[in-house]
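# Architecture and fold: a report
Residues per chain are reported as follows:
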Amino acid sequence: MNAPKLTVDRLLSAPLPELLAEVGAELVDSTTGDDTTLGKIEGRPGAARLTMPTGRSDFERDTIARILVGKLHGAPLRPVPASLDVRTYGGTQ
């Protein structure tokens, strides 16, 4: 049996720790020192790591994590602003 598709409403309204547990993702800090990378997805739906540089505000971490989860699970999101330059690597959606 397949898990229900992630809805935009759920993506935007669930408490972040609950959302991450639900989709099988973990949010971890990266110490790469790359100030231009907002975050990245490693892995696949159900077993993914969302990494982002340290030093981001709680609001930025929450927002970026939700964008990454939405991208990972193919949630029908409007295109994000071009200034965010969302790229996909390694076979994720």
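Reading the values: rules and limits
Residues numbered from 1 in each chain as written. Predicted model: local features only at pLDDT ≥ 70, side-chain atom pairs only at ≥ 80, totals over all residues. Heavy atoms only, no water. Helix = DSSP H or I, 4+ residues; strand = E, 2+ residues; numbered from the N terminus. Expected span 1.5 Å × (residues − 1). Core = buried A, V, L, I, M, F, W, Y, C linked by side-chain atoms within 4.5 Å. Buried < 20%, exposed > 50% of the residue type's maximum accessible area, 1.4 Å probe, protein only. Contact = heavy atoms within 4.5 Å. Pairing = 2+ DSSP bridges. Axes fitted to C-alpha atoms, helices over the stretch in contact; angles between N-to-C directions. pLDDT = per-residue confidence, 0-100. Salt bridge = Lys/Arg side-chain N within 4 Å of Asp/Glu carboxyl O.

Helix length check: helix α3 (residues 58–73) (16 residues) gives 22 Å between terminal C-alpha atoms against 22 Å at 1.5 Å per residue, within 8%. Just downstream of α3, glycine 74 is the residue with a positive phi angle, here 65 degrees.

Moving on to the nonpolar core. If you look at the biggest cluster of nonpolar residues, it comprises 18 residues, and the most contacted ones within it are Leu19, Leu50 and Val69. Elements supplying a minimum of two residues to this core: α2 (16–23), β3 (47–53) and α3. For this core, the element with the most residues is α3, which contributes 5 residues. Those residues in contact with valine 69, other than ones at most four positions away along the chain, are Leu6, Leu11, Leu19, Leu20, Val23 and Leu50.

On to the sheet that holds strand β1 (residues 25–30), then. Read from one edge of the open sheet, 3 strands run β1-β3-β2, paired in mixed fashion. Each of the sheet's edge strands pairs with one partner strand only, and the pair in question is β1 and β2 (40–44). When the angles between neighbouring strand axes are averaged without regard to direction, this sheet yields 20 degrees. Of the pairings in the sheet, the one linking β1 to β3 comprises 6 bridges and is parallel in character. Residue pairing across strands places valine 28 opposite threonine 51, the latter belonging to β3. Along the sheet, α2 makes contact with β1 and β3, crossing β1 at roughly 115 degrees. Against the sheet, α3 engages β1, β2 and β3, with an angle of about 145 degrees to β3.

With that settled, consider the confidence of the model for the chain. Regions with low pLDDT carry predicted coordinates that are not meant to be interpreted in detail. Per-residue confidence for the chain gives a mean pLDDT of 79, with 74% of residues at or over 70. Put simply, β2 is where the chain has its lowest mean pLDDT, 86, and α2 is where it has its highest, 94.

This next bit is on the pattern of salt bridges. Under the criterion given, the structure shown has 6 salt bridges. Across the pair arginine 49 and glutamate 42 runs a salt bridge, and its minimum N-O distance is 3.4 Å. Overall, the relative accessible area of 37% leaves arginine 49 in the partly exposed class. Here the salt bridges do not stand alone but share partners, grouping Arg10, Glu18 and Glu22 into one network.

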